[in-house]
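Understanding the architecture of this molecule
For reference, the chains in residue letters:
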Amino acid sequence: MTIGPLRLLLLALLLCAPTVTAAQDIVAVVNDNVVTDRDVEQRVRLALLFTGQPPTAENAARLRPQVVRALIDQRLQSQEARRLGIEVADAEIDTQVAELAARNNMTADRIYQILQQVGVERETLRDQLRTQIAWSLIARQQLLPRVVVSDVQVAQTLRSVGAGETEYRISELFLPVYAPDQEPRVLDDARRLRESLVNGADFAALAEQVSISPSADRGGDLGWLAESTLPPELRNVLATLSDGGVSQPVRTPEGVYLFKRMGRRAGGAAITVSLRQVTLSEPDTVADEPVE
């Protein structure tokens, strides 16, 4: 995740912060839980901050539909975690925030101060982290024991690498389509998100905020994949992109994808590890900063 320059962003968010009232409009009901307009507004602000986008009405409108969808899915994930008896201790969330702070030469208190300055409650971030941690635990407990890599698969991979087969490093952002009549709207949402990415929004941060995929907690990063393991349609998409390029929306039976080509190499190249860091800019005082 990347948080862009915050000097003007902080002031703009402070000036446009809405008044919080006791009555909150309900956006969605998820079993025994509700998503309110206030929940959505908070997460949109957080997404704008993390992706480095100016807090304009246009940018907020691009993000809002997918933030709503992400919140609904995260409510379902939280409910599943409760059903399975999985609890995330506050100390685990504190650790995540402390790691974020350490990577940016800040304290956790300073991170919370930045959130407060832009009108985001600390629990908005903590709730998001809580759900991500719980869902990761579910994946490890429920899914990983079922994953079996056969000797044949290992041999095929070694042959492709040894033969110098092309590999791509790919990141994904996935927007589900739950009913056929939703497809036009989701495709339009994907196009608008791509526009934000082309205009400089951070792909990894955006994937973490709105993608409904197990890769979301890694910023959509799928790692290096051999060309032969990819569907022909995706191979064609990647071949038309340069490194750093973002695809047009790709429709699948499950939903709509945006792909980012992170790199291309010949198989057999040395394996490298890429570390992604969240960058928070230490804001100067904003009280006397004019807005033009």
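A few points on the structure. (Residues numbered from 1 in each chain as written. Predicted model: local features only at pLDDT ≥ 70, side-chain atom pairs only at ≥ 80, totals over all residues. Heavy atoms only, no water.)

Turning next to the overall build of the chain. Looking only at helices and strands, one finds ten helices and six strands in the chain. Buried residues in the chain amount to 45% of all 292 residues. Contacts spanning at least 24 positions in sequence make up 76% of the contacts within the chain whose residues lie at least 6 apart. Summed over all atoms, the accessible surface of the chain reaches about 15,500 Å², with 54% contributed by carbon and sulfur. (Helix = DSSP H or I, 4+ residues; strand = E, 2+ residues; numbered from the N terminus. Buried < 20%, exposed > 50% of the residue type's maximum accessible area, 1.4 Å probe, protein only. Contact = heavy atoms within 4.5 Å. Areas by Shrake-Rupley, 256 points an atom, 1.4 Å probe, with all protein chains shown as cover.)

A separate point is unusual backbone geometry. You will see that N31, though not glycine, has its phi angle at about 55°, which is positive. Locating N31 in the fold gives a position in the loop between β1 (26-30) and β2 (33-36).

With the rule as written, the count across this model stands at 19 salt bridges. The shortest N-O distance in the salt bridge between R83 and E80 comes to 2.7 Å. Taken as a pair, R83 and E80 lie in helix α3 (residues 57-83) at a separation of three residues, close to a single helical turn. Here E80 falls in the partly exposed class, since its relative accessible area comes to 25%. (Salt bridge = Lys/Arg side-chain N within 4 Å of Asp/Glu carboxyl O.)

Now for the packing of helix α2 (residues 37-51) against α3. The relative placement of two packed helices comes down to the angle between their axes together with the axis-to-axis distance. Relative orientation of the contacting elements α2 and α3 amounts to 115°, with a least axis distance of 9 Å. Along this stretch, α2 crosses α3, giving a crossing that reads as right-handed. Every residue of α3 that contacts α2 at D37, D39, V40, R43, V44, A47 and L48 is listed here: N59, A60, L63, R64, V67, V68, L71, Q74 and R75. When the residues that make up the contact of α2 with α3 are grouped by side-chain class, the tally is nine nonpolar, two polar and five charged. (Axes fitted to C-alpha atoms, helices over the stretch in contact; angles between N-to-C directions. Left-handed = near helix turned anticlockwise from the far one by under 90°. Nonpolar A, V, L, I, M, F, W, Y, C, P; charged D, E, K, R; others polar.)

The next thing to look at is the nonpolar core. In a soluble, globular protein the nonpolar side chains are often hidden away together inside. Among the nonpolar cores identified, the biggest contains 26 residues, and V40, L63, V67, L173, L193, L197 and L206 are the most heavily contacted of them. Counting only elements with at least two residues in this core, the list comes to β1, α2, α3, β3 (166-176), α8 (183-198), α9 (203-210) and β6 (255-266). Looking at this core element by element, the count peaks at five residues for α8. Those residues in contact with V40 that lie beyond four places of it in its chain are V27, V35, R64, V67, V68 and L71. Core analysis: the next-biggest nonpolar cluster, separate from the first, contains 24 residues, F50, L100, I114 and A134 among them. (Core = buried A, V, L, I, M, F, W, Y, C linked by side-chain atoms within 4.5 Å.)

Relative orientation of the contacting elements α3 and α8 amounts to 130°, with a least axis distance of 10 Å. Here α3 is positioned oblique relative to α8, judged by the angle of their axes. Relative to α8, α3 is oriented so that their crossing is left-handed. On α8, the residues that touch E58, A61, R62, L63, P65, Q66 and R69 of α3 are R185, V186, D189, R192, L193, E195 and S196. (Parallel < 35°, antiparallel > 145°, perpendicular 65-115°, else oblique.)

Taken together, the side chains of I26, V29 and V34 present a nonpolar region at the surface, about 270 Å² in accessible area. Structurally, the position occupied by V34 is in strand β2. V34 sits in the partly exposed class, given a relative accessible area of 34%. (Patch = residues over 30% accessible without salt bridge, like charges linked within 9 Å, V, L, I, M, F, W, Y side chains within 5 Å.)

So far we have only geometry, and geometry alone does not tell us how the molecule works.
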